Amino acid sequence: MKGYCIMSIVEIKNLNKTYPSFRLKDVSFSIKEGEITGFVGRNGSGKTTTIKSMLNLVHPDSGEITYFGKSFIENETEIKQMLGYSTGTIAWYPRKRLKDVVEVVKRFYDTWDESAYLKYLEMFGLDPSKTARELSEGMKVKCNLLIALSHKAKVLILDEPTSGLDPFSRDELLGLFKRLKKEGVAIFFSTHIISDLEKCADNIVYITNGEIAASLSNEAFFNTYSKDGESLEDCILRLERGEFNA
Ligand code: ADP
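Residues numbered from 1 in each chain as written. Predicted model: local features only at pLDDT ≥ 70, side-chain atom pairs only at ≥ 80, totals over all residues. Heavy atoms only, no water.

Participant: So what exactly am I meant to see when it comes to the nonpolar core here?
Facilitator: Nonpolar side chains tend to gather and get buried jointly when the protein is soluble and globular. L156, F177 and I187 are the most contacted members of the largest nonpolar core, which totals 34 residues. At the level of secondary structure, the elements contributing two or more residues to this core comprise α3 (98-105), α4 (114-123), α5 (137-150), β7 (155-158), α6 (167-182) and β8 (186-191). Sorting elements by how many residues they give to this core places α5 first, with 7 residues. When sequence neighbours within four positions are dropped, the list of residues in contact with L156 reads G84, A148, L149, L180, V185, A186, I187 and F188. Counting residues in hydrophobic clusters, the runner-up holds 24 residues, among them V27, I31, Y67 and I207. (Core = buried A, V, L, I, M, F, W, Y, C linked by side-chain atoms within 4.5 Å. Buried < 20%, exposed > 50% of the residue type's maximum accessible area, 1.4 Å probe, protein only. Helix = DSSP H or I, 4+ residues; strand = E, 2+ residues; numbered from the N terminus. Contact = heavy atoms within 4.5 Å.)

Here you go:
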């Protein structure tokens, strides 16, 4: 056991949201400072609904969300200064160039850091004179990340950031996550690519049918659920089949 306690900077408690054919049920978990938390579950399990609720882009029916110990609903503007997020649905104006979008967006952030912006622009290989319709899906994710990183977000909440990326860009992005966590950034990202979790996640939050089935450190998840020699992917596939007894 570690001799110190890493602070939770995001707490989600008993989040509920009902759609006609789906229910998010008492979703609770926390996100820790300087750690990477992977949010895994099959399509339709409720990952995007959870993430959008965490950002008030979807209004949950009930539940409590705190960032840095403060209620999100009561302090949304202040808290959003410290968050970077990408939900894949951010409206990129199709005819606007990246640099024009950035000119507008940066005014919203007191913490905008132009040198960080230029650094990540180069790292991601993005051309600021390109318009959104000239960008691939993967490049749009990179644009969202670019903006998040340029205002020194302390928490990154990313919905499927790796899914539109080629294996090389995915690897680069996971490498970047590892560097950011050393700077104390908390990263929460959803994925259905289990190898993403194996490569970089400190913690796993596993959702199935709108319910959190496990929220554990990567190591504890493995020790609790994996059968001898079973890969994380095989383990999660087995859990999805309802076979919980290792
Ligand atoms: P995931 O991100 O894990 O694929 P989602 O959170 O997107 O899952 O979706 C969970 C379920 O909620 C799906 O069955 C989806 O059809 C449903 N759902 C999502 N958004 C809405 C909505 N606005 N209205 C009705 N049903 C929705």
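Participant: Just checking my understanding: could you explain the state of the cysteines for this structure?
Facilitator: Every disulfide links exactly two cysteines, by a covalent bond between their sulfur atoms. Inspection of the entire model under this criterion finds 0 disulfides. Counting only cysteine sulfurs, C200 is the nearest neighbor of C235, a cysteine outside any disulfide, at a range of 18 Å. (Disulfide = S-S within 2.5 Å.)

Participant: Just to check I follow, could you spell out the sheet that holds strand β1 (residues 8-19) for this structure?
Facilitator: Whenever strands of a sheet pair, they do so through backbone hydrogen bonds, lying parallel or antiparallel. Ordered by their spatial adjacency, 4 strands build an open sheet running β2-β1-β4-β5, and the pairing between neighbours is antiparallel. The two strands at the open ends of the sheet, each matched to only one other strand, are β2 (22-32) and β5 (70-71). Sheet topology note: the β1/strand β4 (residues 62-67) ladder contains 5 bridges and is antiparallel. Along β4, the bridge assignment pairs E11 with T66. Packed on one face of the sheet, helix α1 (residues 47-54) meets β1, β2 and β4 and runs near 60° to β2. (Pairing = 2+ DSSP bridges. Axes fitted to C-alpha atoms, helices over the stretch in contact; angles between N-to-C directions.)

Participant: Would you explain the pairing of strand β9 (residues 203-208) in this entry?
Facilitator: Consecutive residues of a regular strand have side chains that alternate between opposite faces of the sheet. Burial within β9 is extensive, with 5 of its 6 residues counted as buried. Summarising the sheet, strand β3 (residues 36-40) and β9 pair through 4 bridges and their orientation is parallel. Bridged to V40 within β9 is Y206. Bridge count between β9 and strand β10 (residues 211-217): 6 bridges; the pairing is antiparallel. Counted as the bridge partner of I204 is L216 from β10. Between the end of β9 and the start of β10, which pair antiparallel, lie 2 residues, with N209 showing a positive phi angle near 50°.

Participant: I would appreciate a short explanation of the site of the ligand in the present structure.
Facilitator: Residues in contact with the ligand, as listed here, are Y19, F22, R42, N43, G44, S45, G46, K47, T48 and T49. Between an oxygen atom of the ligand and a main-chain N or O atom of S45, the distance comes to 3.2 Å. Between the ligand and G46 there is a distance of 3.0 Å, counted from an oxygen atom to a backbone nitrogen or oxygen. Bound to the protein, the ligand loses 59% of the 570 Å² it would expose on its own. The element that contributes the greatest number of residues to the shell around the ligand is α1, accounting for 3 residues. (Near = heavy atom within 4 Å. Polar contact = N/O pair within 3.5 Å; in protein donor to acceptor, adjacent residues only side chain to side chain. Areas by Shrake-Rupley, 256 points an atom, 1.4 Å probe, with all protein chains shown as cover.)

Participant: Would you mind going over the environment of T49 with me for this structure?
Facilitator: The topology assignment puts T49 in helix α1. Taking the C-alpha atoms as reference, T49 lies 10.0 Å from N16; in sequence the two are 33 residues apart. If we ignore the near neighbours within four places in the chain, the residues touching T49 are K17, Y19, F22, L24 and V58.

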